[in-house]
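Inside the fold
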Amino acid sequence: MAGWTPSLGGKALLVLLSLLLTLLLGVGLPEGLTWLAGLLGLAETSVPRAVVLLYLAWVLGVAVPALPRGTVPVEGKHVLITGCDTGFGFALAKHLHAIGFTVFAGCLLKDKGGDGSTELQSMQSDRMNVFQLNVTSDEEVAQAVEFVKKNLQDPQRGLWGVVNNAGVSGFGDIEFASLDSYKEMADVNLWGTVRVTKAFLPLIRRAKGRVVNMASMLGRMAVPSRSCYCISKYGVEAFSDCLRQEMYRWGVKVAVIEPGNFVAATGILTRERIEIQADKLWKEASEIVQEDYGKDYFTRRVILMKSFVNSGLKDMSLVLNDITDALSSKFPYARYNPTETYWWVRLNIMSHLPAGIADWIYIH
Ligand SMILES: NC(=O)c1ccc[n+]([C@@H]2O[C@H](COP(=O)([O-])OP(=O)(O)OC[C@H]3O[C@@H](n4cnc5c(N)ncnc54)[C@H](OP(=O)(O)O)[C@@H]3O)[C@@H](O)[C@H]2O)c1
Ligand SMILES: *[C@@H]1O[C@H](CO)[C@@H](O)[C@H](O)[C@H]1NC(C)=O
């Protein structure tokens with residue numbers, strides 16, 4: 001969240017944490033190492049060396065991700081992307097095309113003449129193939145496989161990459177969200193990813209290629225009011241982890257992208273969509289929920305959601321670069337975290353500290 005200003009309590013907490021860390025590193029670490037050296041029967045002089053080694057390992061850990069790991073040639077490689085009508089998908093189709101990939105751009109609204117598909121088609125490049133794809137439809141996914149096979153120069157060499165990008169977002173406290181809204185979101189975000197991946201794996205395996213799945217930081221940590229979305233993205237993470245493990249023997253590499261807040265860059269959540277959803281949530285909630293939670297609380301939630309529309313990173317290049325790395329690096333990572341510092345720190349605290357402590361820091 002851009003412009004995050006900690007409260008007085010938050011600031012005090014930050015100071016306390018830094019003090020604790022200093023004490024831990026300054027006193028705790030040498031003490032602990034001396035104790036360990038004694039236990040192992042090593043000389044006390046080995047302790048300073050161990051400190052230097054640990055520090056070196058940490059510096060390497062920070063520096064290594066930025067080191068070049070070599071890239072595969074992209075010429076003649078084909079990549080399919082879902083959800084190319086707007087946002088990351090649309091920008092990625094153009095970006096991958098610009099750096100030399102041949103792109104299969106699946107658009108939800110191609111048959112309806114949507115703006116995104118029209119613009120991609122107007123590039124009139126034989127490396128930009130736009131086609132109709134609704135990831136919730138078995139029939140359209142099967143047609144997509146045929147379309148791709150027909151347009152690959154050599155189907156025996158397979159398809160290099162699939163980027164499962166199509167997604168929808170939404171909000172609503174658990175007691176307000178209908179079971180149908182859970183199902184609808186999972187249909188696109190989770191089952192869409194599973195459906196498309198399964199359909200294209202035979203082609204991907206032939207190319208010893210890549211699967212890149214768009215999850216979210218909300219696929220690894222929860223926030224209130226986002227359970228429908230979190231469930232669908234936690235599911236994408238689980239699916240990707242299993243797939244990565246099963247694909248080692250085929251030489252296929254699987255990466256998950258966990259973007260932070262890029263709402264302002266993509267328009268996945270517009271004020272209009274939030275208002276429509278808010279109306280529906282309130283109307284569908286039971287009387288007892290409406291009474292117990294109250295309109296004031298509900299309105300505050302809606303205002304908070306709206307505040308996200310203009311917050312976050314406005315430039316998508318972090319995400320585009322990470323997906324490009326996942327598709328073209330010789331050694332892609334299993335996870336990418338394109339995000340601003342605030343959410344990176346919060347994600348690590350939420351996913352590493354005991355839940356009670358993490359909740360106490362961020363959720364009141
Ligand atoms: N923006 C962020 O802050 C953020 C953060 C973390 C993760 N992500 C993830 O990034 C991915 C891309 O989202 P985005 O931010 O670029 O939002 P976006 O602009 O809304 O792009 C998502 C695209 O997927 C399309 N789509 C929706 N349902 C579909 C279906 N059934 N079949 C095929 N396509 C469908 C959407 O079409 P319509 O617009 O017509 O619905 C839209 O063009 C999503 O998986 C999202 O969860 C985004
Ligand atoms: C996508 O497919 C689902 C089910 O097959 C359907 O309910 C939905 O309306 C379709 N979306 C669009 C935009 O065509």
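Please read all numbers here as calculations on a predicted model, not as lab measurements. (Residues numbered from 1 in each chain as written. Chains lettered and ligands numbered in written order. Predicted model: local features only at pLDDT ≥ 70, side-chain atom pairs only at ≥ 80, totals over all residues. Heavy atoms only, no water.)

**Points about unusual backbone geometry**
The phi dihedral of glutamine 124 falls on the positive side, at around 50 degrees, and the residue is not glycine. Relative to the assigned elements, glutamine 124 resides in the loop between α4 (115–121) and β3 (128–132). Overall, the relative accessible area of 72% leaves glutamine 124 in the exposed class. In this model, serine 225 sits at a positive phi of 75 degrees, which is unusual for a non-glycine residue. Here serine 225 lies in the loop between β5 (210–214) and α7 (227–247). (Helix = DSSP H or I, 4+ residues; strand = E, 2+ residues; numbered from the N terminus. Buried < 20%, exposed > 50% of the residue type's maximum accessible area, 1.4 Å probe, protein only.)

**Here's the deal with the site of ligand 1**
Contacts to ligand 1 come from 29 residues, most closely from Thr86, Phe88, Tyr229, Phe262 and Thr266. Here asparagine 134 contributes a side-chain N or O atom positioned 2.9 Å from a nitrogen atom of ligand 1. Contacts to ligand 1 include valine 135, whose backbone N or O atom sits 2.9 Å from a nitrogen atom. Bound to the protein, ligand 1 loses 93% of the 880 Å² it would expose on its own. For the shell around ligand 1, the secondary structure elements donating two or more residues are α3 (87–98), α7 and α8 (263–266). A breakdown of the residues in the shell around ligand 1 according to their chemical character gives 15 nonpolar, 11 polar and 3 charged. (Near = heavy atom within 4 Å. Polar contact = N/O pair within 3.5 Å; in protein donor to acceptor, adjacent residues only side chain to side chain. Areas by Shrake-Rupley, 256 points an atom, 1.4 Å probe, with all protein chains shown as cover. Nonpolar A, V, L, I, M, F, W, Y, C, P; charged D, E, K, R; others polar.)

**Thoughts on the site of ligand 2**
Lining the immediate surroundings of ligand 2 are Leu108, Lys112, Asn134, Thr136 and Ser137. A distance of 2.3 Å separates an oxygen atom of ligand 2 from a polar side-chain atom of asparagine 134. One nitrogen or oxygen atom from the side chain of threonine 136 is found 2.9 Å from an oxygen atom belonging to ligand 2. Surface burial for ligand 2 is 41%, taken as the share of its 360 Å² of free accessible area covered by protein chains. Its residues assigned to classes, the shell around ligand 2 shows 1 nonpolar, 3 polar and 1 charged.

Nothing here speaks to function; it is all geometry.
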